[in-house]
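In case you want the letters, here they are:
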Amino acid sequence: MLVELQKRFSDLKPDYGLILGSGLGAIANALQDAQSAPYSDFSFFPNSHIAGHAGRILYGRIGTKQVLIFQGRFHAYEGHPASTVTLPITLLHALKAKTVILTNAAGSLDPSFSAGDIMLIEDHLNLTGSSPTVGPNEDPYPRFLNMTEAYALDLRKKVLADAKKLSIPLKQGVYAGVLGPCYETPAEVRMLRTLGAHAVGMSTVAECIKARHYSMSVLGISCIANAAFDGIQQQAPLSHEEVLAVSAQAAHNIRTLVEAFCS
Ligand code: HPA
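Worth saying up front: this structure is predicted, and the values here are computed from it rather than measured.

Definitions and limits used
Residues numbered from 1 in each chain as written. Predicted model: local features only at pLDDT ≥ 70, side-chain atom pairs only at ≥ 80, totals over all residues. Heavy atoms only, no water. Helix = DSSP H or I, 4+ residues; strand = E, 2+ residues; numbered from the N terminus. Buried < 20%, exposed > 50% of the residue type's maximum accessible area, 1.4 Å probe, protein only. Phe/Tyr/Trp six-rings, centres within 6.5 Å; stacked < 30°, edge-to-face > 60°.

(A) Region of interest: the environment of His252. Position of His252 relative to the elements: it lies in helix H7 (residues 240–261). A relative accessible area of 55% places His252 in the exposed class. The spatial distance from the C-alpha of His252 to the C-alpha of Leu24 is 8.7 Å, given a sequence separation of 228 residues.

What follows is the structure, given as structure tokens:
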């Protein structure tokens with residue numbers, strides 16, 4: 001895998017990895033001296049056909065950091081095994097990147113959040129029913145992984161300070177990761193709220209776990225694409241197209257935060 005990547009990208013030594021979720025692809029425009037290649041150029045990626053996911057790797061510089069960007073991800077709800085879902089993390093680890101920024105589109109469970117808000121992920125609930133570390137352990141990494149600081153506190157503090165300086169409104173909360181691909185029922189929304197989650201989505205938790213298994217630091221940012229339908233607010237759930245349109249607006253603010261993070 002590494003040889004294929006190194007053949008395609010010159011001088012490949014990423015400081016950071018950045019995974020871009022649904023509708024957030026434009027954040028890749030922050031890259032300077034960008035090189036790019038479609039996933040289809042590599043033998044180790046499956047074909048993916050989800051709207052809003054370009055399916056490209058890009059490499060270049062943001063601020064002072066060399067950044068490898070995965071524009072579009074592989075989801076468990078598409079039937080991909082955990083090893084495919086977390087392939088970007090495996091590649092970043094092999095390239096010795098120490099930090100990964102995970103972005104996603106999520107539904108809000110908190111009535112004070114609106115579509116277009118961005119939320120710094122403080123912690124997550126893994127409700128996907130599995131984990132990328134299930135199976136024979138990959139030595140020398142820990143069998144029983146400590147997840148008390150899944151999303152690095154020092155990185156969160158930095159982003160909160162940057163957001164304040166840049167006057168970018170930034171929510172904070174717990175991300176509930178579910179398998180999908182159905183959106184939540186009203187009963188599920190009430191359950192997730194009771195469990196202490198502020199946003200819900202269908203990605204990110206597996207990548208976070210895999211990255212922590214390799215001792216990488218994780219920063220997580222959700223774009224609130226819609227209010228998760230709870231049957232009380234009488235709001236119809238958004239279509240996938242609407243989810244993508246709202247994320248494009250929030251993408252601008254996330255891009256600014258990523259640029260500050262990499263400066
Ligand atoms: N639920 C789950 N995943 C999502 C949602 C949602 O409401 N919005 C965007 N991704």
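(B) Representation of the packing of aromatic side chains in the model. Taken as a whole and assessed by the stated rule, the structure comprises 10 aromatic pairs. Ring geometry for Phe9 and Tyr59: centres 6.4 Å apart, planes at 70 degrees, overall edge-to-face. Within this pair, whereas Phe9 is found in the loop between helix H1 (2–8) and strand S1 (16–20), its partner Tyr59 is found in strand S3 (residues 56–62), the two being separated by 50 residues in sequence. The exposure class assigned to Phe9 is buried, which follows from its relative accessible area of 1%. Using a relative accessible area of 2% as the deciding quantity, one classes Tyr59 as buried. Ring pairing ties together the aromatic residues Phe9, Tyr39, Phe42, Phe44, Phe45, Tyr59 and Phe74, which thus form one cluster.

Read these as layout, nothing more, since geometry by itself doesn't imply function.
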